[in-house]
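What follows is the residue order along each chain.
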Amino acid sequence: MTELSIPELSLVTLVGSTGSGKSTFARKHFPATAIVSSDACRGIVSDDENDQSATEDAFALLHHIVGVRLRRGLRTVVDATNVQSMGRRELVRVAREHDVLPIAIVLDVPDRICLERNANRPDRAHLGHHVVARQQRELRRSLRSLEREGFRRVHVLRGVAEIEAATLVDEKAWNDKRELTGPFDVIGDVHGCRAELESLLDALGYRLLRDEAGRPVDARHPQGRTAVFVGDLVDRGPDTPGVLRLVMGMVTAGNALCVTGNHENKLVRALDGKQVRIAHGLAESLAQLESEPEAFRKAAHEFCRGLVSHYVLDGGALVVAHAGLKQEYHGRASGRVRSFAMYGETTGETDEYGLPVRYPWAEDYRGRATVLYGHTPVTDLHWINNTLCLDTGVVFGGRLSALRYPEREPVSVAAQQVWYEPVRPLRATTIVTAEGVVRRDPGVLDLDDVLGRRVVETRHFGRVGVQEENASAALEVMSRFAIDPRWLIYLPPTMSPCATAESGALLEHPAQAFGYYRSEGVDAVVCEEKHMGSRAIVVVARTAQAARDRFGIADGSTGAIYTRTGRPFFDDPDRTEALLARLRAAAESAGLFDELGTSWLALDAELLPWSAKAMGLLRDQYAAVGAAARAALGAATEVLATAAARGLPVDELAARTARRRRDADAFTAAYGRYCWPVDGLTGLRLAPFQILAAEGANYAVRDHDWHLERIDALVAADPRLCTGTRRMTVDLSAPDAEAAATAWWTELTAAGGEGMVVKPRASLVSASGTRRLVQPGVKCRGPEYLRIIYGPEYLHPDNLARLRMRGLGRKRSLALREYALGLESLDRFVTGEPLWRVHEAVFAVLALESEPVDPRL
C-alpha cells in the first residue's frame, strides 16, 4: 500500500494520459466539490466536453475556479491530462499567487490500459493510438522536470495495482496550530538578553529549570500556560547562547512555541557558509556561539533552521509572526509569506539612517485574528486594528515585553542597560509616511469597509446582513451628518410594539406584552414608564484628559450627546458641554465613576421635551394637521348649526362633524403635552434609563434592577436635570401582579403619559430551551399617544379594525437584529477592538434603519 501525504491546503494537480484513471482516482479520494475538471469546464463553455475548439476558454474558466477556491482556503484538485509543461506552469503560477503548495500526483499506466479504457467510452472511442502515445511520451519527459517547475511534492504511482492501493493522508500545515487554545504569553524580540528574559518569565509566573551548571534550560508555568516567542532571539545582546538554550529547552518540553525572525534566518545562512554581511549584531552571536561546544552549536543551528514563518493559534483567532502578517497570508505557505513574516513590507525607500522605510500594513489590517509581532522596536505598546507590536527595544535599553492572551494584558521588564546602540533612535508608534504625512487614523471606518452587501458577525444573534442599497443610505448619513466618529460607539435599536389587541377599544394593551414574554419562557418583567422625548445617547468623560486617553479626542470636549441616527443633539457645542458638566457632577456625586472603576460612561436616555429636538416635525406635520382640522371643522360646525336652525335635517352630519372636531382637539392636546419652552438648559430634562458601558464592561447585558438603582442615585444627585424612571416589576405567574401593572399603565396613559416599555427583568434573555433571543423590550402605548401616530380619528371602529391588521413580523426582526448589533458594538469597544470594528456594527444599525418598515410601529 502506498501512502500519499497531501497538505490540507494545496493545489493537487493530477498528471496522466487520457484513460489513466485520473477522474476515478479523484472521485475516490477527494470530495466532488474539490475537483475541477477540464472536461467539465469545456462542457460548460461549449455544451460539449470533447469540443477541442473550446479548450482555451475551458482552461481560463478552470484557472478562475481554482483561484477562487484557493483564495477561500479550500484544497483544490485539477483533473486534466496536465502532461504538457505549459499547462502545468499556469497551475503552479495560480498556486503561488495564492500562497499554497502545488502538489503533483502522476498516474503512470501502460499504453494498452489507456487504449482499452478509451475504447470502452463512447466519447473517447475515436481517440487513436497516436494520441495516447504522444501523451505518454510527454508524461515520461515530465517526470524529470516536475520539481524544477515548482511542484513542492511529486507522487508517482506506477501501474493499476499501485494506483488502486494508494491511500491519501491529510497533512496539516506546519504553521497550523489552531487546536492549541492557550492561554499564551507572547514574548517580543529578546536579542540575546538572557537576564531580562529570565526576569520576564518570572514576572509571568514561569518557574525556571536549570542544568547542573546553573544555566536555565527550561521554564514551565504552573497553570499550563504556553510561551510564544516572536523571533529575533539572537544577535546584539550579551548572551545569545543562553537565550537559545532556554528557549530550545522550553520548545522541546512543549512549554513554548517560537517563530523565526530575520536575525535567525541570517544566522542560519552564516552558519551554512553562505555569503552574508556580518552586521547588525551577527558578529556578536557568531563569537558567542564559537565558545560553545560543537553539539550545542549544531543543535542551535538546526533549531533556528526549523523555525516556521508564523503560527495560527486558538482556532484561527491568534496569529504570531515576527514582523506581522496580512490577513490573506494567514495559514499560507510560500516564499512570499515567509519573507513578509520575517521582514514585513517596505516602501522601497530608506530613511535618514539608511534603514528601509516599513509600509504600515497594520493600518490597513481588517482581519478577525489578533496579530502579535515584533521586528520594529517601539517605545510603547499600542494596538492598531487588532495588531500589536511587542518589540520594545530591550537590547537598546528599552523593555522586554509580553502579552498575556486571551487576557490582552501586557507585562514588561526594564533592560539592565543599553546593550547595543541603535542606528535609529527608538520611536513611538505614530506612523509617518515617507513624505512625512501622518496617515489617517487606522481605526476609523474606511469606505471599503461599508461598500456593497455586508455581513456582520454578532455574539448573540449570529450573522446580520446589510443590503447594498441600505449601506449607501447609511453612508450618506454617517459621512455628512454624524458626530466625530470617535464618540460614536453605539446606536440604539428600534423597538417593536406589543402584539395588537384582538378586540376592545384599544390598539395596544399590556395583556399582549405580558402574554408574549410568558410564551417565551420569561418569568419576570419590568414595566418602565416611557418618557416622551427624543432618544439620546450620552457619552461623558470624567475629564478632558480621559477623553483624550480613551477616545483620542484632543479638542477639549468631554463627551457627546447624539441622536439615534448618530447626529449631534445640539448644534451649539457649548450647550452640549454645559449639559455634560451637570451630568458629570451628578455622576461624581452618585459615585458612579468610582463604583464602576471608569473614566467615562455611556448612557441611554430620553431627552425632554419632545419639542427640544422635534420642533420641525411638530410644526410641519402635527401642528399643521391639527390647525387645518380645527379650522375646517370649526367652519363646518358653524355652517351645520345655521342649517339646523333653518330646520334642515343635518343632525347626523352635525354629530359626526362635532365628533371629528373633538378628535382634532384631542390630537392637538396629545402632542401639546410633550412640548414646553426651553432656554439653554432651563426646561431640559434628561431621563437616563440604562448604563450602556464603562471602561472594560458592557453593562447593557445587566439586569434592569441594577441599572435603575444606579440611575436613581444619578437622579437624586441632580433632580432639576435628571428625571427618574418609574417602574413596576411583574411576576408573570401572578395574575394579581399583571392586573396591578395594567392599572398602573391605565393611570399613566389617562394622565397623558405615552405608556410603558415592558422588558425581561434579566435583560439579555433567550427563549426557553433555545438560543433564540427574545425582544429586549416591547412598547405598550396609550390611546392618546397613538392618536398622534395614527391620526385624530384612529379609534373609530372602522379605522381600528383596519389597524388591527398591521403586521409586526418585520419590525420585530429589525428590532432583534439592531439590538444584537448594538450589543456587539459595545462589546467590541470595551474589549479594545479597533474603532473600525466598532463602527462596522454601528454602521449596520444605521443601514438597517433604511429597511422598509412602517414608521408608525
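Anything mentioned here points back to the structure above.
Residues numbered from 1 in each chain as written. Predicted model: local features only at pLDDT ≥ 70, side-chain atom pairs only at ≥ 80, totals over all residues. Heavy atoms only, no water.

Before going further, it helps to examine the pairing of strand β18 (residues 370-373). On β18, burial covers both faces: Thr370 and Leu372 on one face and Val371 and Tyr373 on the other are all buried. Where strand β15 (residues 318-321) and β18 come together, 3 bridges link them in parallel fashion. The partner of Leu318 across the bridge, within β18, is Thr370. Bridge count for β18 against strand β19 (residues 387-389) is 3 bridges, and the pairing is parallel. For Val371, the partnering residue across the bridge sits in β19 and is Thr387. (Buried < 20%, exposed > 50% of the residue type's maximum accessible area, 1.4 Å probe, protein only. Helix = DSSP H or I, 4+ residues; strand = E, 2+ residues; numbered from the N terminus. Pairing = 2+ DSSP bridges.)

What holds strands together in a sheet is hydrogen bonding between their backbones, with the strands either parallel or antiparallel. What the 5 strands build is an open sheet, ordered β24-β33-β32-β25-β31; its pairing is mixed. Looking at strand neighbours, the two that pair on one side only are β24 (496-497) and β31 (727-731), the edges of this open sheet. Two elements, strand β25 (residues 524-529) and strand β32 (residues 755-760), share 5 bridges in a ladder whose sense is antiparallel. Paired with Glu529 across the two strands is Met756, which belongs to β32. Seen against the sheet, helix α23 (residues 735-750) touches β25, β31, β32 and β33 (778-781) and runs at an angle of roughly 155° to β31. (Contact = heavy atoms within 4.5 Å. Axes fitted to C-alpha atoms, helices over the stretch in contact; angles between N-to-C directions.)

A cluster of like positive charges, contributed by Arg137, Arg141, Arg144 and Arg148, occupies part of the molecular surface. Structurally, Arg144 can be placed in the loop between α6 (129-142) and α7 (146-149). (Patch = residues over 30% accessible without salt bridge, like charges linked within 9 Å, V, L, I, M, F, W, Y side chains within 5 Å. Areas by Shrake-Rupley, 256 points an atom, 1.4 Å probe, with all protein chains shown as cover. Salt bridge = Lys/Arg side-chain N within 4 Å of Asp/Glu carboxyl O. Lys, Arg positive; Asp, Glu negative; His and termini not counted. Charge placed at Lys NZ, Arg CZ, Asp CG, Glu CD.)

Attention now moves to the pattern of salt bridges. Summed over all chains, the structure comprises 54 salt bridges. We note a salt bridge from Glu149 to Arg88, for which the minimum N-O separation is 2.7 Å. With Glu149 in helix α7 and Arg88 in helix α4 (residues 85-97), this pair connects stretches of sequence that are 61 residues apart. The salt bridge partner of Arg215 is Asp211, with a shortest N-O separation of 3.0 Å. Relative accessible area serves as the criterion here: at 35%, Arg215 is assigned to the partly exposed category. Overlapping salt bridges bring together Arg368, Arg459, Glu824, Asp827, Arg828, Glu833, Arg837 and Glu840 as one network.

Function cannot be inferred from these measures alone, as they are strictly geometric.
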